[in-house]
Amino acid sequence: MTSAVPPCPPADDRADERADEPGGAPPLSPGRLAADAAQALAAVRARTPLVQCLTNEVTTNLVANALLAVGASPAMTAVPGEAEQLAAVAGAVLANLGTPGPDLRACLEPAVTTARRAGVPWVLDPVAVGVLSVRTRLAEQLLGARPAVVRGNASEVLGLAGLTSSGRGVDSCDAVEDARVAAVRLAHATGGAVAVSGAVDLVVAGDVAVRVSAGDPLLTAITGAGCALGALAAAFAAVTDPLTAAVGSSLVLGLAAERAASVARGPGSFQVALLDELYGLRPEHVVGLGDRLVVEPARTGARRAATAPVGAPA
Ligand SMILES: Nc1ncnc2c1ncn2[C@@H]1O[C@H](COP(=O)(O)OP(=O)(O)O)[C@@H](O)[C@H]1O
Ligand SMILES: Cc1ncsc1CCOP(=O)(O)O
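Note that the coordinates shown come from a computational prediction; the quantities given were computed from them, not determined experimentally. (Residues numbered from 1 in each chain as written. Chains lettered and ligands numbered in written order. Predicted model: local features only at pLDDT ≥ 70, side-chain atom pairs only at ≥ 80, totals over all residues. Heavy atoms only, no water.)

1. Remarks on the site of ligand 1
Stage number 1. Taken together, 17 residues sit near ligand 1, with R151, N153, S197, G198 and D201 positioned nearest.
Stage number 2. Take R151: an N or O atom from its side chain is 3.0 Å from an oxygen atom of ligand 1.
Stage number 3. At 2.7 Å from an oxygen atom of ligand 1 is found a side-chain nitrogen or oxygen belonging to D201.
Stage number 4. Elements that contribute at least two residues to the shell around ligand 1 include exactly β5 (149–153) and α9 (225–237).
Stage number 5. Here the shell around ligand 1 takes three residues from α9, the largest share from any one element.
Stage number 6. Taken together, the residues of the shell around ligand 1 break down into eight nonpolar, six polar and three charged. (Near = heavy atom within 4 Å. Polar contact = N/O pair within 3.5 Å; in protein donor to acceptor, adjacent residues only side chain to side chain. Helix = DSSP H or I, 4+ residues; strand = E, 2+ residues; numbered from the N terminus. Nonpolar A, V, L, I, M, F, W, Y, C, P; charged D, E, K, R; others polar.)

Set out below in structure tokens:
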């Protein structure tokens, strides 16, 4: 593919050091972030942002339904020649590389380039990047159009940053904390947020990192939980800044999953209940979730395992 996307600027290596300097601590508090996330959920419900989804063939239905459940308006449009028309007027664009066939590949670059130029935030979900070569090259090219949010599992984020990963297909075999340095570098290169999903999600934006403890292991027993998270991040990015979008979408999906798991009998009923819980979630359920968040300088704890408990009641 010839690239119309401007090259990604080199990673700001000194940024890693600056994050450790005195005064580098983030001014954000967990309570403030949770309140911002709640406000963003309210804004999604009030404004019904159009989310253009250039996404995979496996999980498109779950992704569309998850977006509808939080109040966004999904459009699964991947027709070469017209994708960029929608990108110019959408609230946000999702670029998910799960099944990057010829049509999707032909749509992605024009759509994200158009979105970038139009000031429309877009989200990159680098499914299986680092494992498979075509999509890895594609993702690297798309990065130049500076996604507001990159959302991937640890192996995908490592692979996208060009670091060694041990992903297996679409699944991660790496620990979230092991992708922290990769997330920091990508966040500095794009100027946006990078969300590494796992038992405890890690969101990095600039010199700030946020660990989000929410979710349930049943999310890993259905296909599309990660895709749904990327889509929710796009819906949130349409109404708020990248950091709040990434943290807010992680909190919302995680909380809905915990509630769904408490009534589910297995993955099938869990998926149905997950949509019900997303639909029923209100800003007042999210506003007090500051205790699920740890805010820290991005490089702090790079060698520490993420051990915050998951599944605690809201
Ligand atoms: N062990 C776990 N416990 C709780 N939540 C999890 C766990 N693993 C993943 N999640 C959640 O599942 C969602 C999808 O993450 P993940 O499985 O890493 O994505 P992917 O499907 O891209 O591999 C995220 O919201 C994440 O927080
Ligand atoms: C199974 C599969 N194969 C190609 S895309 C896809 C969906 C991956 O979805 P998720 O990573 O969100 O579970």
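Once you've had a look at it, read on.
2. Examining the nonpolar core
Among soluble globular proteins, nonpolar side chains are generally buried collectively.
Stage number 1. Judged by nonpolar contacts, the single largest core of 66 residues is most densely connected at L67, V203, V210, V247, L274 and L278.
Stage number 2. The leading source of residues in this core is helix α10 (residues 242–261), at 12 residues.
Stage number 3. Those residues within four positions of L278 in sequence are excluded, and the remaining contacts are R45, A66, A69, V70, L232, V252, L253 and A256.
Stage number 4. Counting residues in hydrophobic clusters, the runner-up holds 40 residues, among them L104, A115, V120 and L202. (Core = buried A, V, L, I, M, F, W, Y, C linked by side-chain atoms within 4.5 Å. Buried < 20%, exposed > 50% of the residue type's maximum accessible area, 1.4 Å probe, protein only. Contact = heavy atoms within 4.5 Å.)

3. Quick notes on the UniProt feature "binding site: substrate" (unreviewed entry) in the chain
Stage number 1. The positions UniProt marks with the feature "binding site: substrate" (unreviewed entry) are M76 and G224.
Stage number 2. Among the structural elements, M76 can be located in the loop between β2 (73–75) and α4 (83–89).
Stage number 3. Judged by its relative accessible area of 33%, M76 falls in the partly exposed class.
Stage number 4. By secondary structure assignment, the location of G224 is in the loop between β8 (208–212) and α9. (UniProt positions renumbered as here; feature names shortened; annotations may be inferred.)

4. Focus on the site of ligand 2
Stage number 1. The local shell around ligand 2 consists of N56, V58, T59, G98, V170, T223, G224, A225, G226 and C227.
Stage number 2. A distance of 3.0 Å separates an oxygen atom of ligand 2 from a polar atom in the backbone of G226.
Stage number 3. At a separation of 2.8 Å, an oxygen atom of ligand 2 approaches a polar backbone atom of C227.
Stage number 4. Of the residues contributing to the shell around ligand 2, the split by class is four nonpolar, six polar and no charged.

5. As for unusual backbone geometry
Stage number 1. Located in the positive-phi region is T48, a residue other than glycine, with phi close to 45°.
Stage number 2. The residue T48 is located in the loop between α2 (30–47) and β1 (50–54) in this model.

6. Notes on the side chain of R151
Stage number 1. Tracing the chain through its elements places R151 in strand β5.
Stage number 2. For R151, the side chain forms a polar contact with the side chain of D125, separated by 3.0 Å.
Stage number 3. There is a polar contact of 2.8 Å between the side chain of R151 and the side chain of S197.
Stage number 4. With sequence-adjacent residues up to four places away left out, R151 is seen in contact with L124, D125, P126, E156, A195, S197, G226, C227, L229 and G230.

7. Some details on the sheet that holds β2
Stage number 1. The nine strands lie next to each other as β2-β1-β3-β4-β5-β6-β7-β8-β9, forming an open sheet whose pairing is mixed. A single partner strand is all that each edge strand has here, and the edge strands are β2 and β9 (293–297). With direction set aside, neighbouring strand axes in the sheet form an average angle of 20°. (Pairing = 2+ DSSP bridges. Axes fitted to C-alpha atoms, helices over the stretch in contact; angles between N-to-C directions.)

8. Topic: the pattern of salt bridges
Stage number 1. The full count for this structure, using the stated rule, is six salt bridges.
Stage number 2. Ionic pairing is found between R151 and D125, a salt bridge with its closest N-O pair at 3.0 Å. Of this pair, R151 sits in strand β5 while D125 sits in strand β4 (residues 122–125), and the two are 26 residues apart along the sequence.
Stage number 3. Under the relative-accessibility criterion, D125 is labelled buried at 0%.
Stage number 4. Among the salt bridges present, the one from R292 reaches E258, with a minimum N-O distance of 2.9 Å. Placement of R292 in the loop between α12 (283–286) and β9 and of E258 in helix α10 is noted, with a sequence separation of 34 residues between them. E258 carries the same exposure label as R292, and that label is buried.
Stage number 5. A network of salt bridges, in which partner residues are shared, links E177, R180, R211 and E296. (Salt bridge = Lys/Arg side-chain N within 4 Å of Asp/Glu carboxyl O.)

9. Describing helix α3 (residues 60–70)
Stage number 1. All of the buried residues along α3 are L62, V63, A64, A66, L67, A69 and V70.
Stage number 2. Phi turns positive, to about 105°, at G71, one or two residues after α3.

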